Amino acid sequence: SSILFFLYLGDDALPNGLDVTFEVTELRRLTGSYNTMVGNNEGSMVLGLKFPNLFGRAEKVTFQFSYGTKETSYGLSFFKPQPGNFERNFSVNLYKVTGQFPWSSLRETDRGISTEFNFPIWKTNHTLKWEGVWRELGCLARTASFSVREESGHSLKSSLSHAMVIDSRNSSILPKRGALLKINQELAGYTVRFSKKEKKKNNNFFSPKVFSASLWGGMLVPIGDKPSSIADRFYLGGPTSVRGFSMYSIGPQSDGDYLGGEAYWAGGLHLYTPLPFRPGRGGFGDLFRTHFFLNAGNLCNLNYGDGPKAHLQKLAEYIRWSYGAGIVLRLGNIARLELNYCFPMGVQSGDRICDGVQFGAGIRFL
Amino acid sequence: MQVSNTKLLPMLLYFCRAEVLSASFIDLLLDVQQLTMTEAAEPWPENAALYQQLKEDQILLSDNAASLAVQAFLQMCNLPVRVVCRANAEYMSPSGKVPFIHVGNQVVSELGPIVQFVKAKGHSLSDGLDEVQKAEMKAYMELVNNMLLTAELYLQWCDDVTVEEITHPRYGSPYPWPLNRILSYQKQWEIRRKMKAIGWAGKSLEQVLEDVDQCCQALSQRLGTQPYFFNKQQRSSLSTGQEIEGTAWPLSGISCFHLLMPTAKCCYFSPCNSVGFLHI
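Residues numbered from 1 in each chain as written. Chains lettered and ligands numbered in written order. Predicted model: local features only at pLDDT ≥ 70, side-chain atom pairs only at ≥ 80, totals over all residues. Heavy atoms only, no water.

*Asks:* Would you explain the interface of chain A and chain B in this entry?
*Replies:* Quite often, the size of an interface is put as the accessible area lost when its parts meet. Every contact between the two is made by 13 residues of chain A and, on the other side, 18 residues of chain B. Roughly 1,300 Å² of surface becomes buried between chain A and chain B when both sides are summed, with 65% attributable to carbon and sulfur atoms. Among the residues of chain A in contact with chain B, Phe146(A), Arg149(A) and His154(A) are the three that bury the most area, contributing 42% of the side total. Linking chain A to chain B there are 1 salt bridge. (Contact = heavy atoms within 4.5 Å. Buried area = accessible area lost by both parts, 1.4 Å probe. Salt bridge = Lys/Arg side-chain N within 4 Å of Asp/Glu carboxyl O.)

Right, dumping it as structure tokens:
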């Protein structure tokens, strides 16, 4: 494809008028993909279909089907942007996903439908979403603790959520400058009722040494008498949040199964520097960074009868924190790998730690 | 056999406050001979709990009977257990069937494994039967299990009237729409598939009732005029009038185990000083 510029010399030409022609190759009407994935004692076959421009106005329909030795999942999504204004769009999704959470000995199957409406307001991006999910929880093993067994069964969740994002970073992985703020609220009815807030802030300055600070927090408030469900609570710990602790292994637990908490906060300070002696400079070496970090956080259940002062006090006692250093590898603009040496501190009884070398891969890091 | 009103039977069974003790309860009667505590009995924790579905609105005939059977058994063994009703009891159970008991750290479901578990804990029951009688007992237990329990399931899930008027509303009652419909249809499909596998799908209601009748007659014949099925000893451990689940258990007086048929004919095992019974 190419863009051609001509000087326009017609009768109605403006003094500085240009005739611009875009020469493009249209995407194929239907694209498909087929992958096989192997990992964690499970193999699966993934089939994808995409109509990138169904009715001629950038409507996109995608279908993905994954058939595995353990689980099967699928998703169908329809996306339509406003003509002339791609940032304003809405999408409808139909999906079935299954997840296994060994840290809680929990297995979850969600079948749901969601509609999402995105729109920008000035410098912020807003998302309004309604989701209806049929959620099925079960024990992953016969040895699951009774608290987890009590949560097994079916429930229906209907929730309305709003998210606001302000992102001024120059890259989503290893940015050199900018900040990200994301605030999320969710209100749900039916058998699950709660409201959830989450805030993320990332502040980076000056290269080649980059200093970054981030803060996460969330609160889950049950409405009415029903207690919150294990699938809605927050989890903390692991190579992507408070490093030095095992995956989601901080906070309330029963017989080794982590139950999550209704309120949490976590913060991190990082210093990124290029690799010592700068091997592979200008090429592959630029994807790596060394980093020094300090993480802290807490996860607990709040007694909503007490006032906010009591809540703050509860969140401030028994803080878990850790420090260490490691190497970060950036994968494209989506993900990153980390290999760290961690020193976990403030460990409470019941937490599972991973002191020493810890490996992490993911999209969203503290 | 004439069937006067096929619609009446399932409703009668529910509305008359009859807790139909299922075939598994007969197993109990056959199994329990004499209560003895062996010397190496492990202590039974205070907070042992039995989980079943919600009593008033949700639980179905077969599950209720199974739960009563387990409660009766534990009571006979003098093992206290409190009954906890949960809407998701069926999904909490490790085998997917109710009832299940939570004792200490262990979770055991269904009557058979619970009996084994209790035996293993040392609160066991002495066995006064010889080999021939044991084999006979097993045969009768199998007959009753296969026939009566399957008939109950057929009635609950394959008879359209019962399904529409009783089973679907009850089974899905704790859940909001549309989940209540989805779950009960899912369960119905599962049970009907099972029925097809054992060849009961093609049977009509009359045929099922006839099979039940024959089963009851066989048991009735076996009992004859004896007080118990397999042992002539009098039971002394149970005192008068214990109330379990609203079903009274009088020792004195005549009580009969019936299964009310839509015809006026009652099939019963015999008057006996029995431990458990069904009253309508």
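Here the narrative resumes.
*Asks:* I keep staring at the pairing of strand 3 (residues 100-103) of chain B and nothing clicks. Help me out?
*Replies:* Regular strands place their side chains on alternate faces of the sheet. Residue and element names in this part refer to chain B. Burial along strand 3 is two-sided: Phe100 and His102 and Ile101 and Val103, pointing in opposite directions, are all buried. Of the strand pairs in this sheet, strand 1 (residues 49-52) and strand 3 are connected by 3 bridges, and their pairing is antiparallel. Pairing of tyrosine 51 across the sheet is with phenylalanine 100, part of strand 3. Across 4 bridges, strand 3 lies against strand 4 (residues 106-109) in antiparallel orientation. Bridged to histidine 102 within strand 4 is valine 107. (Buried < 20%, exposed > 50% of the residue type's maximum accessible area, 1.4 Å probe, protein only. Helix = DSSP H or I, 4+ residues; strand = E, 2+ residues; numbered from the N terminus. Pairing = 2+ DSSP bridges.)

*Asks:* Which parts of the structure should I look at to understand the packing of aromatic side chains?
*Replies:* The geometry of an aromatic ring pair is captured by two quantities: the separation of the ring centres and the angle between the planes. Residues and elements named next belong to chain A. The final tally for this structure, using the stated rule, is 14 aromatic pairs over all chains. Members of the aromatic cluster, each reached through a chain of ring pairs, are Phe101, Trp103, Tyr235 and Tyr248. Its guanidinium or amino end placed over the ring of tryptophan 216, arginine 364 lies 4.3 Å from that ring's centre, counting from NZ or CZ. (Phe/Tyr/Trp six-rings, centres within 6.5 Å; stacked < 30°, edge-to-face > 60°. Lys NZ or Arg CZ within 6 Å of the ring centre and 35° of its normal.)

*Asks:* Could you clarify how one ought to interpret the nonpolar core in this entry?
*Replies:* Generally speaking, a soluble globular protein has its nonpolar side chains buried in company with each other. If you look at the biggest cluster of nonpolar residues, it comprises 26 residues, and the most contacted ones within it are Tyr154(B), Trp157(B), Leu179(B), Leu183(B), Met195(B), Trp200(B) and Cys215(B). For this core, the secondary structure elements donating two or more residues are helix 6 (131-157), helix 8 (179-198) and helix 9 (205-223) of chain B. Sorting elements by how many residues they give to this core places helix 6 of chain B first, with 8 residues. Leu179(B) has contacts with Trp134(A), His154(A), Ser155(A) and Leu156(A), leaving out every residue within four places of it along the chain. The next biggest cluster of nonpolar side chains, apart from the first, holds 17 residues, and it includes Phe73(B), Cys77(B), Leu79(B) and Ile114(B). (Core = buried A, V, L, I, M, F, W, Y, C linked by side-chain atoms within 4.5 Å.)

*Asks:* Any chance you could explain the side chain of Ser77(A) here in plain terms?
*Replies:* Residue and element names in this part refer to chain A. Topologically, serine 77 is positioned in strand 6 (residues 72-82). Separated by 3.4 Å, the side chains of serine 77 and asparagine 93 make a polar contact. Setting aside chain neighbours within four positions, we find serine 77 in contact with Lys60, Val61, Thr62, Val92 and Asn93. (Polar contact = N/O pair within 3.5 Å; in protein donor to acceptor, adjacent residues only side chain to side chain.)

*Asks:* In this structure, what is going on with the packing of helix 7 (residues 160-171) of chain B against helix 8 of chain B? I would like to understand it.
*Replies:* The relative placement of two packed helices is expressed as an angle between their axes plus a distance between the axes. All names here are of chain B. Between helix 7 and helix 8, whose axes approach to 9 Å, the crossing angle comes to 130°. With respect to helix 8, the axis of helix 7 lies oblique. The two elements helix 7 and helix 8 cross, and the hand of that crossing is right-handed. On helix 8, the residues that touch Asp160, Val163, Glu164, His168 and Tyr171 of helix 7 are Arg181, Leu183, Ser184, Tyr185, Lys187, Gln188 and Arg192. (Axes fitted to C-alpha atoms, helices over the stretch in contact; angles between N-to-C directions. Parallel < 35°, antiparallel > 145°, perpendicular 65-115°, else oblique. Left-handed = near helix turned anticlockwise from the far one by under 90°.)

Such coordinate-based values are descriptive only and should not be taken to indicate function.
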